[in-house]
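Summary of structural features
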Amino acid sequence: MTADTKGRLIEAATAVLTAHGYGGTSARTIAKEAGVNSALVFYHFGGVDELLLAALDRSSAERMALHAETVAEVRTLEDLAEAATRIYRDDLDGGHITLFSELVAAAVAKPELREPVSRRAEPWLAFIEETLERVIGGTPLARLTPPKDLANAAITFYLGVNLFTVLDEDRSRTDSLFAMVRRLAPRAKLLTMRLPVRRKGAPKAQ
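Parameters and conventions
Residues numbered from 1 in each chain as written. Predicted model: local features only at pLDDT ≥ 70, side-chain atom pairs only at ≥ 80, totals over all residues. Heavy atoms only, no water. Helix = DSSP H or I, 4+ residues; strand = E, 2+ residues; numbered from the N terminus. Rg over C-alpha atoms; globule rule 2.2 N^0.38 Å. Buried < 20%, exposed > 50% of the residue type's maximum accessible area, 1.4 Å probe, protein only. Contact = heavy atoms within 4.5 Å. Areas by Shrake-Rupley, 256 points an atom, 1.4 Å probe, with all protein chains shown as cover. Salt bridge = Lys/Arg side-chain N within 4 Å of Asp/Glu carboxyl O. 1 Å grid on protein atoms, 1.4 Å probe; cavity = no way out; pocket = protein on both sides within 12 Å on 5 of 7 lines; lining within 4 Å. Points joined across faces, edges and corners; volume = space filled by probe spheres on them. Nonpolar A, V, L, I, M, F, W, Y, C, P; charged D, E, K, R; others polar. Core = buried A, V, L, I, M, F, W, Y, C linked by side-chain atoms within 4.5 Å. Patch = residues over 30% accessible without salt bridge, like charges linked within 9 Å, V, L, I, M, F, W, Y side chains within 5 Å. Polar contact = N/O pair within 3.5 Å; in protein donor to acceptor, adjacent residues only side chain to side chain. Phe/Tyr/Trp six-rings, centres within 6.5 Å; stacked < 30°, edge-to-face > 60°. Lys NZ or Arg CZ within 6 Å of the ring centre and 35° of its normal.

1. Quick look at the overall build of the protein
Counting secondary structure elements, the protein contains 10 helices and 0 strands. Over its C-alpha atoms the protein spans a radius of gyration of 21 Å, topping by over 25% the 17 Å that the globule rule assigns to 206 residues. Classification of the 206 residues of the protein by burial places 41% in the buried group. Sequence-distant contacts in the protein: of pairs separated by 6 or more residues, those separated by 24 or more amount to 68%. Of the roughly 12,200 Å² of accessible surface on the protein, 58% is carried by carbon and sulfur atoms.

Structure below.
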């Protein structure tokens, strides 16, 4: 029963935070959504923020498993552009972007949230960097834009685009942006060609 109650609270916390934002989320609103006593929020999690972090953890684990499959066969920039578009749409529709963004925004006013939220972003930075390394590692593009820097840019974009969707309700502007990325990807092939490594002591070509 304890596991069932905790699961219901996590589901309720996710639903309330994504629907009403951090400002509209409380032990009372979460408990009402879950159909339980609000005291159980503190009994099982110690507080609302801890429950929201647990909701983010579950969402992240689910999304990471899904997106690992999405990028498993990615080998080119075209593949990467298609995968990035799918990941963005899946996370937006599934509420993960909103869940993460609301906790990042809350951390502005609540410094105690900054470290735990930042820590939960690290696996995603590593995931993006590893994927980029597989696609562009050892290429001129990687020297111009190192995968680690691109991973940081991707997370920044990920958060910013969620805020922009407030003004872009039909998603036409963000869809246009992803379409532009997909158009540009084939034109960057020269930057992703891996040059042969000359062995030490090998004669130079005449």
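Okay, back to it.
2. Points about the pattern of salt bridges
Within the structure shown, the criterion is met by 9 salt bridges. A salt bridge links R120 to D57; its shortest N-O distance comes to 2.7 Å. In this pair, R120 sits in helix 7 (residues 114-136) while D57 sits in helix 4 (residues 48-71), placing the two residues 63 residues apart along the sequence.

3. Here's the deal with the layout of surface pockets
One number sums up the size of the largest pocket: a volume of about 1,000 Å³. If you trace the largest pocket, you find 35 residues lining it, with L80, A84, L132, L150 and A154 closest to the centre. Sorting elements by how many residues they give to the lining of the largest pocket places helix 5 (residues 77-94) first, with 8 residues. Here the lining of the largest pocket is built from residues that sort into 30 nonpolar, 4 polar and 1 charged.

4. Re unusual backbone geometry
Its identity as a non-glycine residue notwithstanding, R171 has a phi of 65°, on the positive side. Here R171 is to be found in the loop between helix 9 (147-164) and helix 10 (172-184). Among the residues examined, R171 registers a relative accessible area of 26% and is labelled partly exposed.

5. Quick word on the nonpolar core
One finds L9, Y22, I30, L51, L52, L103 and L113 to be the most contacted residues of the largest nonpolar core, which totals 35 residues. For this core, the secondary-structure elements that each account for two or more residues are helix 1 (2-20), helix 2 (27-34), helix 3 (39-45), helix 4, helix 5, helix 6 (96-109), helix 7 and helix 9. Looking at this core element by element, the count peaks at 7 residues for helix 4. Among the nonpolar cores identified, the runner-up in size contains 20 residues, and A83, I87, I136 and A151 belong to it.

6. Focus: the side chain of T192
With respect to the helices, strands and loops of the structure, T192 is situated in the segment after helix 10. Discounting chain neighbours no more than four positions away, the residues touching T192 are L77, I136, T139 and L141.

7. Observations concerning a nonpolar patch on the surface
A cluster of nonpolar side chains, contributed by F157, L177, M180, V181 and L184, occupies part of the molecular surface with about 380 Å² of accessible area. Take the nonpolar patch: its biggest share by element is 4 residues, from helix 10. Its place among the elements puts F157 in helix 9. With relative accessibility at 34%, the residue F157 sits in the partly exposed group.

8. Some words on the environment of D170
Its place among the elements puts D170 in the loop between helix 9 and helix 10. On the basis of relative accessible area, D170 is assigned to the exposed category, the value being 57%. For D170, the side chain forms a polar contact with the side chain of S172, separated by 2.9 Å.

9. Details of the packing of aromatic side chains
Counted by the stated rule, this structure contains 3 aromatic pairs. With a centroid separation of 5.8 Å and 80° between ring planes, the pair formed by W124 and F127 is classed as edge-to-face. With W124 and F127 both in helix 7, this residue pair falls 3 residues apart, about one helical turn. There is no split in this pair, since W124 and F127 are both buried. On the numbers, 5.8 Å between centres and 75° between planes, the contact of F157 with F178 is edge-to-face. Residue F157 is found in helix 9, and its partner F178 is found in helix 10; the two are separated by 21 residues along the sequence. For F178, a relative accessible area of 9% puts it in the buried group. Taken together, the ring pairs in this structure connect Y88, F157 and F178 into an aromatic cluster. When the ring centre of F45 is taken as reference, the NZ or CZ atom of K6 above it lies at 5.7 Å.

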